[in-house]
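So the chains spell out like this:
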2 protein chains.
Amino acid sequence: MKSDDIKQAALKHFSTHGYEGASLSKIAEEVGLKKQSLYSHFKNKDDLFLQVLRDAGEVELQTKLTFFNNRQDPSPEKSLYAFLVMVKELFQLDERMKFWLRISFFPPEHLYHLIGNEVLAIEDQVRKMLEAKFAEWMSKEQIFVEKPRIPASAFMGIVDALMIELVYDSSPERINEKLESAWTVFWRGISK
Amino acid sequence: MKSDDIKQAALKHFSTHGYEGASLSKIAEEVGLKKQSLYSHFKNKDDLFLQVLRDAGEVELQTKLTFFNNRQDPSPEKSLYAFLVMVKELFQLDERMKFWLRISFFPPEHLYHLIGNEVLAIEDQVRKMLEAKFAEWMSKEQIFVEKPRIPASAFMGIVDALMIELVYDSSPERINEKLESAWTVFWRGISK
DNA sequence: TGATTACTGACGAACGTTCGTAAGGGAAGG
DNA sequence: CCTTCCCTTACGAACGTTCGTCAGTAATCA
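Residues numbered from 1 in each chain as written. Chains lettered and ligands numbered in written order. Predicted model: local features only at pLDDT ≥ 70, side-chain atom pairs only at ≥ 80, totals over all residues. Heavy atoms only, no water.

Explain the packing of helix 1 (residues 2-21) of chain A against helix 3 (residues 45-66) of chain A to me, and be specific about the residues and the numbers.
All names here are of chain A. One way to put it is that helix 1 packs onto helix 3 with a least axis distance of 10 Å and a crossing angle of 100°. In terms of orientation, helix 1 and helix 3 fall into the roughly perpendicular class. Two secondary-structure elements touch here, helix 1 through Ile6, Lys7, Ala10, Leu11, Phe14, Tyr19 and Glu20 and helix 3 through Lys45, Asp46, Leu48, Phe49, Gln51, Val52 and Asp55. Of the residues assigned to the contact of helix 1 with helix 3, the class counts are 8 nonpolar, 1 polar and 5 charged. (Axes fitted to C-alpha atoms, helices over the stretch in contact; angles between N-to-C directions. Helix = DSSP H or I, 4+ residues; strand = E, 2+ residues; numbered from the N terminus. Parallel < 35°, antiparallel > 145°, perpendicular 65-115°, else oblique. Contact = heavy atoms within 4.5 Å. Nonpolar A, V, L, I, M, F, W, Y, C, P; charged D, E, K, R; others polar.)

For the protein's contact with DNA strand C, give the residues involved together with the corresponding values.
Taken together, 17 residues lie near DNA strand C, and Ser23 and Tyr39 of chain A together with Gln36, Ser37 and His41 of chain B sit nearest. When atoms of DNA strand C within 4 Å of the protein are split into backbone and base, the sugar-phosphate part holds 51%. In the environment of DNA strand C, a phosphate oxygen lies 2.9 Å from a nitrogen or oxygen atom belonging to the side chain of Ser25 of chain A. At 2.9 Å, a side-chain N or O of Ser40 of chain B approaches a base nitrogen of DNA strand C. Residue composition of the surface near DNA strand C, by class: 4 nonpolar, 9 polar and 4 charged. (Near = heavy atom within 4 Å. Polar contact = N/O pair within 3.5 Å; in protein donor to acceptor, adjacent residues only side chain to side chain.)

Which residues make up the interface of chain A and chain B, and what values do they have?
Listed per partner, the contact involves 40 residues of chain A and 41 residues of chain B. Summing the contributions of chain A and of chain B, the shared interface buries around 3,900 Å²; its carbon and sulfur component is 56%. Among the residues of chain A in contact with chain B, Phe106, Tyr168 and Arg188 of chain A are the three that bury the most area, contributing 19% of the side total. At the boundary of chain A and chain B, one finds 8 salt bridges. The partner of Arg149 of chain A in a salt bridge is Glu177 of chain B, and the shortest N-O contact between them spans 2.4 Å. The interface formed by chain A and chain B holds 14 residue pairs in polar contact (both at pLDDT 80 or more) in total. Here the element with the most residues in the side of chain A that touches chain B is helix 8 (residues 172-190) of chain A; it accounts for 11 residues. Of the residues in the side of chain A that touches chain B, the class split is 17 nonpolar, 9 polar and 14 charged. (Buried area = accessible area lost by both parts, 1.4 Å probe. Salt bridge = Lys/Arg side-chain N within 4 Å of Asp/Glu carboxyl O.)

Could you give me a rundown of the relation of the copies chain A and chain B, with the residues and numbers involved?
When chain A is fitted to chain B, the best match, at an RMSD of 0.1 Å, comes from turning it 180° and sliding it 0.0 Å along the axis. The transformation just described matches what one would write down for a two-fold rotation axis. Taking the C-alpha atom as reference, chain A places Gly189 of chain A closest to the rotation axis, 1.8 Å from it. The overlap is high: 100% of the interface residues of chain A also sit at the interface in chain B, so the same surface is used on both sides. (Least-squares fit on C-alpha atoms with pLDDT ≥ 70 in both.)

How would you sum up a negative patch on the surface? Please name residues and give values.
Taken together, the side chains of Glu20 and Glu109 of chain A together with Glu20 and Glu109 of chain B present a region of like negative charge at the surface. Structurally, Glu20 of chain A can be placed in helix 1. (Patch = residues over 30% accessible without salt bridge, like charges linked within 9 Å, V, L, I, M, F, W, Y side chains within 5 Å. Areas by Shrake-Rupley, 256 points an atom, 1.4 Å probe, with all protein chains shown as cover. Lys, Arg positive; Asp, Glu negative; His and termini not counted. Charge placed at Lys NZ, Arg CZ, Asp CG, Glu CD.)

Provide a residue-level description of the protein's contact with DNA strand D, including the pertinent values.
Around DNA strand D, a shell composed of 16 residues is seen, among which Gln36 and His41 of chain A together with Ser23, Lys35 and Tyr39 of chain B lie nearest. Sugar and phosphate atoms form 51% of the subset of DNA strand D atoms that lie within 4 Å of the protein. Tyr39 of chain B places a polar side-chain atom, nitrogen or oxygen, 2.7 Å from a phosphate oxygen of DNA strand D. In terms of residue class, the surface near DNA strand D is built from 4 nonpolar, 8 polar and 4 charged.

So what's going on with helix 7 (residues 149-167) of chain A? Which residues, and what values?
Residues and elements named next belong to chain A. The end-to-end C-alpha distance of helix 7 is 27 Å, a good match for the 27 Å that 19 residues give at a rise of 1.5 Å each. Within helix 7, 18 of the 19 residues are buried, which leaves it mostly tucked inside the rest of the structure. Two residues or fewer past helix 7, Asp169 is found with a positive phi of approximately 60°. (Expected span 1.5 Å × (residues − 1). Buried < 20%, exposed > 50% of the residue type's maximum accessible area, 1.4 Å probe, protein only.)

Hey, could you go over the packing of aromatic side chains for me, with residue numbers and the actual values?
Under the counting rule described, the total for this entry stands at 37 aromatic pairs over all chains. Pairing Phe68 of chain B with Trp137 of chain B gives two aromatic rings, centres 6.0 Å apart and planes at 70°, and the pair type is edge-to-face. Here Trp137 of chain B lies in helix 6 (residues 112-139) and Phe68 of chain B lies in the loop between helix 3 (45-66) and helix 4 (76-93), a separation of 69 residues in the sequence. For the cation-ring pair, Lys45 of chain A lies above Tyr19 of chain A, with the distance from its terminal atom to the ring centre recorded as 4.5 Å. (Phe/Tyr/Trp six-rings, centres within 6.5 Å; stacked < 30°, edge-to-face > 60°. Lys NZ or Arg CZ within 6 Å of the ring centre and 35° of its normal.)

Residues and numbers for unusual backbone geometry, please.
Even without being glycine, Asp169 of chain A reaches a positive phi, approximately 60°. Among the structural elements, Asp169 of chain A can be located in the loop between helix 7 and helix 8. Not every positive phi belongs to a glycine, and Lys192 of chain B is a case in point at roughly 70°. Note that Lys192 of chain B resides in the segment after helix 8 (172-190).

Structure below.
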């Protein structure tokens, strides 16, 4: 499908140059088209952008939501660590996560509220899922915290910090060091 | 000084629209000038941008570096927590921190390496300072970690995550919850 | 007077977008 | 099988606007 090729090229340009910095002619050029031809596939720049955004949001949501379902590994220590590794690898593999990170924090102004709502909705679902997980581990006395909201919040912070390090494109050693450090302190912090 | 007014307006536009999205005419309009008049004060857009960047870098560096000097509070628990609160309040007060965050993670492409080097240099200084602090607390047995690099890395991650929450402009409660959660787990994680 | 600052005017380039049009393919009907 | 019709896709040309930048010229102020 040609539309998918366009979206893929658009994803790349949006995530490296932002909404304003990405040009339709460059995107078209990448798939061997003139910029006018994009209008046979999308209403306008916003339409293309929003379709890319929704694809990225879906990846973000589904990968995180389904992560704990598809593994019967009951140990929170291994699960949570594997979650971080999954985020890291997915981020390096799929450009949609980088796009999602950039756009959710620095959206184009005229789409600020629209994007804000979508991001909020997804983040809340992830938060709820994590809270439920932590509550479960808490009741089984596999972790030791006051309320499940606290480790959930802190863990999401670690994920954010990890993605920030990833978007910064530092060396693999630096990234791994960040991951290991955050994880080491975090796990000590909730495992008594 | 008129140049300072211009830089202040530029700071605002750069940090809310990014480099590409910020327009010289809008910046000039905000200080009651025509865009051509900006060229009496700056060589071009890059020149203006880089001056704003260096101001922001200096704020970032100086506030963090001098934080522990000007307080004789020896307790790491109070010092580190106060550091987070300081970052939060400074971020909300001084737009230069928001600018710094956005630009260091998503620089304009043609200044990628230049900015990368400046950011790296500053981050390394902060990291060194934090490592020294953690090493000191470690030797006094006020905290318990393997190597000072680990809590330093983890703590910088918390600062990043906090700023991310701040740039996202969520509610004060959400921000405080994030801060408290991250801090609670972090402190438990390094204090035996 | 000389220097700094702000203006007008204009420049080429790029932007997103619209129009009319032409090529291609599939469906429908003869 | 051929023709007609329609729908999709792509393109050249052009639109109006904005972009950053430069030259020349007033105005301001030491």
